[in-house]
Amino acid sequence: MRSIVFDTGPIISLTTNNLLWLLEPLKRKYKGHFHITPDVRGELIDRPLQTKKFKFEALQVMTYINDGILEIVENDDIEQKTNKLLSLANNIFKAFGKYMQIIHRAEMSAVASSLHYKGQAVVVDERTTRVIIENPKKLVNILRHTLHTNIEVNQSNLNDFAKLTKGIRMIRSAELVTVAYELGLLNKYLANIPSPKKTLLESVLWGVKLQGCAISKKEVEQLVRMEIK
């Protein structure tokens, strides 16, 4: 089954940038499934509907679930994998004598779902989730710098976590909007201004960055240089 699993952050980023509509043409081009887990749905819809803030955003996302563009996946294997990965991830790094709870359940359920379905990618904007899978040594340095203290590492738990998540591919909302740009899906926003393509791509990349996508200014500039030739 060709599938891409979405964490909460990228969906929120697309919604708040008025880009949620991109999911439909992107899915059609991908010719696969766009999955979310019940934990992600809880963060996107169930909780916001109980508040005044982000309620309208929740209603927008709900229409994409009702239309089958975003499919909710749930089974015992995903649940078990989520529990295992979450327990390992939150018992790897210790600061001030206590293990750090660095990963939330929704993010890890997305990873577990991708493992279950052998998905092509997990769309995650949160830096910690991506780095612990892609480069845990880098995460140690980030935590040490942020907390200004020594970070102890439970190497056994880290090894087990690395084995379970080996092969997981992570992408961000920044990569999604770049693909949309490449496919011409954003061409309706090209304006009669100097450097319209560059301005368009910069605008969507900075839009998702400012809504929580962990992409640096340097990475934004690199993507723009690569696309605008």
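Residues numbered from 1 in each chain as written. Predicted model: local features only at pLDDT ≥ 70, side-chain atom pairs only at ≥ 80, totals over all residues. Heavy atoms only, no water.

A. Summary view of the side chain of Arg 130. When you line up the elements, Arg 130 lands in helix α7 (residues 127-134). Buried Arg 130, no salt bridge; nearest opposite-charge side chain is Glu 134, N-O distance 4.5 Å. (Helix = DSSP H or I, 4+ residues; strand = E, 2+ residues; numbered from the N terminus. Buried < 20%, exposed > 50% of the residue type's maximum accessible area, 1.4 Å probe, protein only. Lys, Arg positive; Asp, Glu negative; His and termini not counted. Salt bridge = Lys/Arg side-chain N within 4 Å of Asp/Glu carboxyl O.)

B. Here's a closer look at the environment of Lys 166. Of note, Lys 166 is situated in the loop between α9 (155-164) and β8 (170-171). Of the residues examined, Lys 166 reaches a relative accessible area of 75% and is grouped as exposed. In this structure the C-alpha to C-alpha distance between Lys 166 and Ile 133, which are 33 residues apart in sequence, comes to 7.9 Å.

C. Representation of the pairing of strand β1 (residues 3-6). Covered by surrounding structure in β1 are Ser 3 and Val 5 together with Ile 4 and Phe 6, the residues of both alternating faces. The sheet contact formed by β1 and strand β2 (residues 33-36) spans 3 bridges and is parallel. Residue pairing in the sheet places Ile 4 in a bridge with Phe 34 of β2. Of the pairings in the sheet, the one linking β1 to strand β6 (residues 121-123) comprises 3 bridges and is parallel in character. Bridge pairing in β6 places Val 5 opposite Val 122. (Pairing = 2+ DSSP bridges.)

D. The arrangement of the environment of Tyr 64 in detail. Tracing the backbone shows Tyr 64 in helix α4 (residues 55-66). For the pair Tyr 64 and Lys 84, spaced 20 residues apart in sequence, the C-alpha separation works out to 30 Å. When sequence neighbours within four positions are dropped, the list of residues in contact with Tyr 64 reads Leu 20, Trp 21, Ile 69 and Leu 70. (Contact = heavy atoms within 4.5 Å.)

E. Focus on the side chain of Ser 113. Mapped onto the elements of the fold, Ser 113 is located in helix α6 (residues 105-117). With near-sequence residues (within four places) excluded, Ser 113 lies in contact with Val 5, His 35, Thr 37, Val 73 and Ile 78.

F. View of the sheet that holds β2. Read across the open sheet, the 5 strands follow the order β3-β2-β1-β6-β8; overall the sheet is parallel. Whereas interior strands pair on both sides, the edge strands pair on one side only; in this sheet they are β3 (71-72) and β8. Its contacts with the sheet put helix α2 (residues 23-30) on β1, β2 and β3, and the angle it makes with β2 is roughly 125°. (Axes fitted to C-alpha atoms, helices over the stretch in contact; angles between N-to-C directions.)

G. How the structure looks around the pattern of salt bridges. The full count for this structure, using the stated rule, is 8 salt bridges. Arg 172 is paired through a salt bridge with Glu 219; the nearest N and O atoms lie 3.3 Å apart. In this pair, Arg 172 is assigned in the loop between β8 and α10 (173-182) and Glu 219 in helix α12 (residues 217-227), connecting sequence segments 47 residues apart. We classify Glu 219 as partly exposed; its relative accessible area is 28%. Through salt bridges with shared partners, a single ionic network connects Asp 39, Glu 79 and Arg 105.

H. Examining α7 more closely. Among the 8 residues that make up α7, 6 are buried, leaving the element largely enclosed by the rest of the structure. Within α7, the full set of buried residues consists of Thr 128, Thr 129, Arg 130, Val 131, Ile 132 and Ile 133. In this fold, the buried residues of α7 make contact with α5 (76-89), β4 (93-95), α6, α8 (136-147), α9 and β8.

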